[in-house]
Amino acid sequence: MKELLDFLSCSFEGGTDINEPIKRSLDLLCNDADKEWSRADILIVTDSEIPSADAELREKLEYVGLSTLPLQPSSPPPPPPPPN
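This text gives an overview of the structure that appears in the document.

Cut-off values and rules
Residues numbered from 1 in each chain as written. Predicted model: local features only at pLDDT ≥ 70, side-chain atom pairs only at ≥ 80, totals over all residues. Heavy atoms only, no water. Axes fitted to C-alpha atoms, helices over the stretch in contact; angles between N-to-C directions. Helix = DSSP H or I, 4+ residues; strand = E, 2+ residues; numbered from the N terminus. Left-handed = near helix turned anticlockwise from the far one by under 90°. Contact = heavy atoms within 4.5 Å. Salt bridge = Lys/Arg side-chain N within 4 Å of Asp/Glu carboxyl O. Buried < 20%, exposed > 50% of the residue type's maximum accessible area, 1.4 Å probe, protein only. Core = buried A, V, L, I, M, F, W, Y, C linked by side-chain atoms within 4.5 Å.

1. Details of the packing of helix α2 (residues 19-30) against helix α3 (residues 55-63)
Between two packed helices, what matters for the description is the angle formed by their axes and the separation of those axes.
Next, step 1: Following both chains from N to C, one finds α2 and α3 inclined at 35 degrees, their axes separated by 11 Å at the closest point. As α2 packs across α3, the resulting crossing turns out to be left-handed. Judged by residue contacts, Asn19, Ile22, Lys23 and Leu26 of α2 engage Leu57, Lys60 and Leu61 from α3.

Right, dumping it as structure tokens:
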């Protein structure tokens, strides 16, 4: 778990490309012959805004019955300054 938290605390400052992770996830969900992934959820975590997926991907998500719910964790506000 520590390694995961360390990785998630990194900043890559490269923007978020939502299309590729959705494409790969849909490939797993839709092409799973053993149905191991058929009821899986897709969770994408980012430290920045998530742009809308391409129209074609949105149509495919709708076709297979998947909905999206954006989740953007944020840091808690800093503590107030000490009184003077």
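Next comes the rest of the account.
2. A word on the pattern of salt bridges
Next, step 1: Tallied over the entire structure, the rule returns 2 salt bridges.
Next, step 2: One salt bridge connects Asp6 with Lys2, and the closest N-O pair in it is separated by 2.8 Å. Of the two residues, Asp6 and Lys2 both sit in helix α1 (residues 2-8), 4 residues apart, roughly one turn of that helix.
Next, step 3: Given a relative accessible area of 57%, Lys2 falls into the exposed group.
Next, step 4: Notably, a salt bridge pairs Glu20 with Arg24, separated by 3.0 Å at the nearest N-O pair. With Glu20 and Arg24 both in helix α2 and 4 residues apart, the pair spans about one turn of that helix.
Next, step 5: On the basis of relative accessible area, Glu20 is assigned to the partly exposed category, the value being 34%.
Next, step 6: Residue classification places Arg24 among the exposed positions, given a relative accessible area of 56%.

3. Examining the nonpolar core
Next, step 1: Within the largest apolar cluster, 6 residues are counted, these being Ile18, Ile22, Leu26, Ala53, Leu57 and Leu61.
Next, step 2: Taken together, the elements giving at least two residues each to this core come down to α2 and α3.
Next, step 3: Not counting residues within four places of it along the chain, the set of residues in contact with Ala53 comprises Ile18, Asn19, Ile22 and Arg58.

4. Remarks on the environment of Ile50
Next, step 1: Relative to the elements of secondary structure, Ile50 occurs in the loop between α2 and α3.
Next, step 2: Judged by its relative accessible area of 32%, Ile50 is partly exposed.
Next, step 3: It is 6.8 Å that separates the C-alpha atoms of Ile50 and Ile18, two residues lying 32 residues apart in sequence.

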